[in-house]
Amino acid sequence: MVTSPGPGRPRHTGPLRPGATGREQILDAAAELFTTHGYARTSTRAIAEAVGIRQASLYHHFRTKDDVLEALLTSTVTPTLPVAHAVLRVPAGDAEHAAARLYALALHDGRELCRTRWNLGALYLLPELRAPRFVPFQTARERLRQCYVRAGADVVARTGGPSQAGDLAFRLVESLVNLRADGRATADSPAQVAEGCVRLACWSGDVTPVARSGEEMLRDISAALLVPAG
């Protein structure tokens, strides 16, 4: 249902997009348009129309289309960083515990990439991301990659695996983006990729206890991060 309060485009009385706020609705619309039509081919007017608002209303939340893109990209990395750092604080007393840490990191990151309504990881290869404007996002992504490098190194130190195991695991998890794009990602895909990351680091033992420990680790971390500081 629409109403026409006066001259101009009729306004929808209810939201066209999921989201509790106008900002969230704008991000949802932009995520769909960027991932299905392309970033360069999407205008702020198109985003506003997909939300059911005027273009001027969009500028109340985001000054430019780049600001919208940065917000979407940041949402794919920054929520994972506290979990990644917490995983690395868990003692890795032996090879199995080290493997469980890498498994937990990859599993959480993979689930985050797969749980979003739109396949936002597909935006990582946009040429626009080379601009200085997106250095903060690239810096955050590099911090996440370094967490993989550290977690992988702790496994390799005990298994004799390849020195680039952590970096390779980081890339393997991001391959979930391609699986989603091809319509081949399933609910089991993050766990399967996490197991692949452990195997990349040359863990040759039974993966079942590693996966169980990794899941328990994530539950403990999630519970701890929900507790207010102090």
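For the structure given in this document, a descriptive report is provided here. (Residues numbered from 1 in each chain as written. Predicted model: local features only at pLDDT ≥ 70, side-chain atom pairs only at ≥ 80, totals over all residues. Heavy atoms only, no water.)

**Considering the overall build of the protein chain**
Stage number 1. For the protein chain, the helix and strand inventory stands at 11 helices and two strands.
Stage number 2. When the helices and strands of the protein chain are placed in sequence order, the string is β-β-α-α-α-α-α-α-α-α-α-α-α.
Stage number 3. Taking the principal axes of its C-alpha atoms as reference, the protein chain extends roughly 70 × 40 × 35 Å.
Stage number 4. The burial tally for the protein chain puts 44% of its 230 residues in the buried class.
Stage number 5. Residue pairs at least 24 apart in sequence account for 73% of intrachain contacts in the protein chain once pairs closer than 6 positions are excluded.
Stage number 6. Of the roughly 11900 Å² that the protein chain leaves accessible, carbon and sulfur atoms contribute 54%.
Stage number 7. Computed over 27 positive and 23 negative side-chain charges, the inter-centroid distance for the protein chain is 7 Å. (Helix = DSSP H or I, 4+ residues; strand = E, 2+ residues; numbered from the N terminus. Buried < 20%, exposed > 50% of the residue type's maximum accessible area, 1.4 Å probe, protein only. Contact = heavy atoms within 4.5 Å. Areas by Shrake-Rupley, 256 points an atom, 1.4 Å probe, with all protein chains shown as cover. Lys, Arg positive; Asp, Glu negative; His and termini not counted. Charge placed at Lys NZ, Arg CZ, Asp CG, Glu CD.)

**Some details on the nonpolar core**
Stage number 1. In terms of nonpolar packing, the biggest core is built from 71 residues, with Phe34, Leu69 and Tyr148 touching the most fellow members.
Stage number 2. For this core, the element with the highest residue contribution is helix α6 (residues 95-115), accounting for 11 residues. (Core = buried A, V, L, I, M, F, W, Y, C linked by side-chain atoms within 4.5 Å.)

**Some details on the pattern of salt bridges**
Oppositely charged side chains can form a pair if their charged atoms are brought close together.
Stage number 1. A complete count under the given rule lists 13 salt bridges for this structure.
Stage number 2. Between Asp67 and Arg63 there is a salt bridge, with the nearest N and O atoms lying 3.8 Å from each other.
Stage number 3. Taking the relative accessible area as the measure of exposure, Asp67 reaches 16% and is therefore buried.
Stage number 4. Note that Asp167 is salt-bridged to Arg171, the shortest N-O span being 3.3 Å. (Salt bridge = Lys/Arg side-chain N within 4 Å of Asp/Glu carboxyl O.)

**Side note on the environment of Ala50**
Stage number 1. With respect to the helices and strands, Ala50 occurs in helix α2 (residues 44-51).
Stage number 2. Each C-alpha atom, one on Ala50 and one on Glu32, is 9.5 Å from the other, the two residues being 18 residues apart in sequence.
Stage number 3. Excluding residues that lie within four positions of it along the chain, Ala50 makes contacts with Leu16, Arg17, Ala29 and Leu33.

**Digging into the state of the cysteines**
Stage number 1. For the coordinates displayed, the defined rule picks out zero disulfides.
Stage number 2. A disulfide-free cysteine, Cys147 has its sulfur positioned 14 Å from the sulfur of Cys197, the nearest such atom.
Stage number 3. There is no disulfide at Cys202, and the cysteine sulfur nearest it, in Cys197, is 13 Å away.
Stage number 4. Taking the relative accessible area as the measure of exposure, Cys202 reaches 38% and is therefore partly exposed. (Disulfide = S-S within 2.5 Å.)

**Details of the packing of aromatic side chains**
Stage number 1. Evaluation of the coordinates by the stated rule reveals three aromatic pairs.
Stage number 2. Judged by centre distance (5.7 Å) and plane angle (40°), the rings of Tyr124 and Phe137 are tilted. One end of the pair, Tyr124, is in the loop between α6 and α7 (135-159); the other, Phe137, is in helix α7, with 13 residues separating them in the sequence. The same class applies to Tyr124 and to Phe137, which are both buried.
Stage number 3. A ring pair is formed by Tyr148 and Phe170, whose centres lie 5.4 Å apart and whose planes are at 65°; its orientation type is edge-to-face. (Phe/Tyr/Trp six-rings, centres within 6.5 Å; stacked < 30°, edge-to-face > 60°.)

**Remarks on the environment of Val68**
Stage number 1. With respect to the helices and strands, the residue Val68 is situated in helix α4 (residues 65-74).
Stage number 2. On the accessibility criterion, Val68 (0% relative accessible area) is buried.
Stage number 3. Considered as a pair, Val68 and Gly19 are 49 residues apart in the sequence and their alpha carbons are 15 Å apart.
Stage number 4. Excluding residues that lie within four positions of it along the chain, Val68 makes contacts with Leu27, Ala30, Phe34 and Phe62.

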